[in-house]
Amino acid sequence: MKKKVGIIACSGESLIGGTLSRAAARIVVEKLRPNQTIILCQPLFMAGNLEKHGGQEERDFAKNHPTITIEGCEEECAKIAVNRYSGTPKATIYIQEYIDAHPEVKTNSREKLGEEGINLAEIIAEDIAKKVDELYRTK
Amino acid sequence: MDKSLGVIARSIALKLIEKRPEIQLICPVLLNTGDEKYENFIESAKIIAIDGCMTRCATKLVENREKKPFKRIFIPDMSKKYGIKPTKELTLNEENEKLAEQIMEEIIKELEDVDVKKVLKSPKFEAIEFFDITVDKYHFNVPKEGYYFNENDYWIKPEGKTALLGISDYLQNAAADILFVEFPEIGSEMEQFDDAGSFESSKTVLQLISPGTGKTIRVNKALENNPELMNQDPYQKGWFIEIELKNFEEDKELLLNGPDYFEYMKEKIMKEKNALEQIRSEKDV
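Residues numbered from 1 in each chain as written. Chains lettered and ligands numbered in written order. Predicted model: local features only at pLDDT ≥ 70, side-chain atom pairs only at ≥ 80, totals over all residues. Heavy atoms only, no water.

### Quick look at the overall build of chain B
Scanning chain B from N- to C-terminus turns up 12 helices and 14 strands. Counting only C-alpha atoms, chain B reaches 90 × 35 × 30 Å along its principal axes. Taking all 285 residues of chain B together, 50% fall into the buried category. When contacts within chain B are restricted to residue pairs at least 6 apart in sequence, long-range pairs at least 24 apart make up 63% of them. Counting every atom, chain B has about 14900 Å² of accessible surface; 46% of that belongs to carbon and sulfur. For chain B, the separation between the mean place of its 41 positive charges and that of its 55 negative charges on side chains is 8 Å. (Helix = DSSP H or I, 4+ residues; strand = E, 2+ residues; numbered from the N terminus. Buried < 20%, exposed > 50% of the residue type's maximum accessible area, 1.4 Å probe, protein only. Contact = heavy atoms within 4.5 Å. Areas by Shrake-Rupley, 256 points an atom, 1.4 Å probe, with all protein chains shown as cover. Lys, Arg positive; Asp, Glu negative; His and termini not counted. Charge placed at Lys NZ, Arg CZ, Asp CG, Glu CD.)

### Thoughts on the domain arrangement of chain B
Here chain B is partitioned into domain 1 (4-119) and domain 2 (130-279). Its C-alpha centre places domain 1 of chain B at a distance of 35 Å from the equivalent point of domain 2 of chain B. (Domains from an automatic or database assignment.)

### What to know about the pairing of strand β10 (residues 195-201) of chain B
In summary, the side chains of a regular strand alternate between the two faces of the sheet. Residues and elements named next belong to chain B. Burial runs high along β10: five of the seven residues are buried. Here β10 pairs with strand β11 (residues 205-209) via four bridges, running antiparallel. Following the sheet pairing, D195 is matched in β11 by I209. (Pairing = 2+ DSSP bridges.)

### Remarks on helix α4 (residues 57-64) of chain B
For α4(B), the complete set of buried residues consists of C57(B), A58(B), T59(B), L61(B) and V62(B). Where α4(B) is buried, its residues meet α2 (42-47) of chain A together with α2 (28-31), β1 (48-51) and β2 (71-74) of chain B. Of the residues flanking the end of α4(B), it is E66(B), one or two places downstream, whose phi is positive at about 60 degrees.

### Considering the environment of N96(B)
Residue and element names in this part refer to chain B. Among the secondary structure elements, N96 is positioned in helix α6 (residues 94-114). By relative accessible area, N96 is classed as buried at 0%. Along the sequence, N96 and S11 sit 85 residues apart, while their C-alpha atoms lie 9.6 Å from each other.

### Points about the sheet that holds β10(B)
All names here are of chain B. Spatially, β8-β10-β11 is the arrangement adopted by the three strands of the open sheet, whose pairing is antiparallel. Both outer strands of the open sheet, β8 (178-182) and β11, are each paired with one neighbouring strand and no more. The mean inter-strand angle of the sheet, taken between neighbouring strand axes irrespective of direction, is 25 degrees. (Axes fitted to C-alpha atoms, helices over the stretch in contact; angles between N-to-C directions.)

### Brief notes about a negative patch on the surface
Negative charge collects at one region of the surface, where E189(B), E191(B), D194(B), D195(B) and E244(B) lie side by side. Residue position: D194(B) is located in the loop between β9 (189-190) and β10. (Patch = residues over 30% accessible without salt bridge, like charges linked within 9 Å, V, L, I, M, F, W, Y side chains within 5 Å. Salt bridge = Lys/Arg side-chain N within 4 Å of Asp/Glu carboxyl O.)

### Comments concerning the nonpolar core
By size, the foremost hydrophobic cluster in this structure holds 27 residues, and its most contacted members are I7(A), I68(A), I70(A), I124(A) and I128(A). Counting residues per element, the ones that place at least two in this core are β1 (5-9), α1 (16-32), β3 (67-71), β4 (91-94), α5 (95-101) and α6 (114-138) of chain A. For this core, the element with the highest residue contribution is α6(A), accounting for eight residues. Setting aside its immediate chain neighbours within four residues, I68(A) contacts V5(A), G6(A), I7(A), I8(A), A91(A), I93(A), I128(A), K131(A), V132(A) and L135(A). One finds M46(A), V82(A), C27(B) and L31(B) within the second-largest nonpolar core, a separate group that totals 26 residues. (Core = buried A, V, L, I, M, F, W, Y, C linked by side-chain atoms within 4.5 Å.)

### As for the side chain of E71(A)
All names here are of chain A. Here E71 shows up in strand β3. The buried charged residue E71 lacks any salt bridge partner; its closest oppositely charged side chain belongs to K79, at an N-O distance of 6.5 Å. Of the polar contacts made by the side chain of E71, one reaches the backbone nitrogen of K79; its length is 2.8 Å. Setting aside chain neighbours within four positions, we find E71 in contact with C10, E76, C77, A78, K79, T92, I93, Y94 and I95. (Polar contact = N/O pair within 3.5 Å; in protein donor to acceptor, adjacent residues only side chain to side chain.)

### Points about the interface of chain B and chain A
Taken together, the contact between chain B and chain A spans 33 residues of the former and 32 residues of the latter. Taking both sides of the interface into account, the surface hidden between chain B and chain A amounts to around 2900 Å²; carbon and sulfur atoms contribute 63%. At the boundary of chain B with chain A, the tally comes to one salt bridge. The shortest N-O distance in the salt bridge between K161(B) and E75(A) comes to 3.8 Å. Seen at the junction of chain B and chain A, the total is one residue pair in polar contact (both at pLDDT 80 or more). (Buried area = accessible area lost by both parts, 1.4 Å probe.)

### Structural notes on the pattern of salt bridges
All names here are of chain B. Enumeration over the complete set of coordinates arrives at 17 salt bridges over all chains. Across the pair E129 and K144 runs a salt bridge whose closest N-O atoms are separated by 3.7 Å. Of the two residues, E129 is situated in the loop between α7 (116-119) and β3 (130-135) and K144 in the loop between β4 (138-143) and β5 (148-149); the sequence distance between them amounts to 15 residues. The salt bridge partner of E263 is K266, with a shortest N-O separation of 3.4 Å. You can see E263 and its partner K266 sitting in helix α12 (residues 258-284), three residues apart, about one turn around the helix. Accessibility expressed as a relative area gives 45% for E263, which makes it partly exposed.

### Digging into helix α3 (residues 56-64) of chain A
Residue and element names in this part refer to chain A. Within α3, burial applies to E58, R59, F61 and A62. Seen end-on, α3 carries its buried residues on one side only, within an arc spanning 160 degrees. Tucked inside the fold, the buried residues of α3 contact β1, β2 (37-40), α2, β3 and α4 (77-85). (Arc of directions from axis to C-beta.)

### As for the packing of α1(A) against helix α1 (residues 4-19) of chain B
Two elements in contact, α1(A) and α1(B), have axes separated by 12 Å at closest approach and are oriented at 170 degrees. Between α1(A) and α1(B), the interaxial angle falls into the category roughly antiparallel. Within the contact between the two elements, α1(A) uses G18(A), T19(A), R22(A) and R26(A) and α1(B) uses S4(B), G6(B), V7(B) and R10(B). (Parallel < 35°, antiparallel > 145°, perpendicular 65-115°, else oblique.)

### Considering unusual backbone geometry
Positive phi values are uncommon outside glycine, yet E76(A) reaches one of about 55 degrees. When you line up the elements, E76(A) lands in the loop between β3 and α4.

The structure is reproduced here in structure tokens:
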């Protein structure tokens, strides 16, 4: 049986990169590849070992499944987290590369993506979906 | 974070920092990746944890740093309280925006009772090693390390992504007794060498010329009642404002470190002394 792919996005509280990474992750998991992917909550992943609803499941999933990290900024928190608790991620998407490649996209704010921001999140999501297809095929 | 409850939590946090710029947003994940960004801040700050769901990760991640949140907000409870259901869409709908706004206002109101400026404690100070020189009856000192100076005699002390700003011992000597201070607005942005507030002494009024580029996040309220702290302890208790740095590596290119500033200051003092002696001797003649 093919293994589902884990998607873990930057929590990026104060960054437009964080907002884009979360939106892109949700587009992949909810719309583009709902049957091939599982979203992993990064704060929960970091918290881990909670008595109830604990993050250990997230960590175990990433240990046993291919995982794609989506980084909102240069801190690479998602990658660091997966490396620390589960192993090396299979792929990493850097949101900044997309922001740099699409200077024409003006988001409303770091909180509100606006129409252009959502369009950019869809472009990013398409690329993540391609990665999902590669990883899902190889399993 | 993968659900709309998380989007509401994040929206509240962003609205809060827009409304009260002295509040600093903490990324709960970055807080736990071992990054030093929040190291100093978290020591002294009171923390509001905004949890989107039952896992209460924000609270948990704060507790992982051995801190207890000062206030906890749990979005499902708030959603019930205001009778607004979270949307399943990628972005918040009008109702959810309203919910985020209402919760933010509720937090602000509570903070106003406490006064957020009071919950931000004074920075911690440690013993400083100084270079010093005595000229006539005047004694001048300059910290050996940790402080950077512009040639206008203002210092900046970076700590991660933030920095304290103040005046040098030389400048407080030259200004004489400081009587009033005027701070920049919290949240105001400044470029390096822009004015960042002013102070008035028995001799003069001076603008603080910022050694760094950034945003004002805190002011030393103690100076309003005790401006003399700038004379008594210019490098520590007499700090003027705190800023969030934009790019200190770039700022540093136009600043002097402790040893270089000490040499610069000595030269300046000696020139002034010689000029003064010259004037006096001309008067005598």
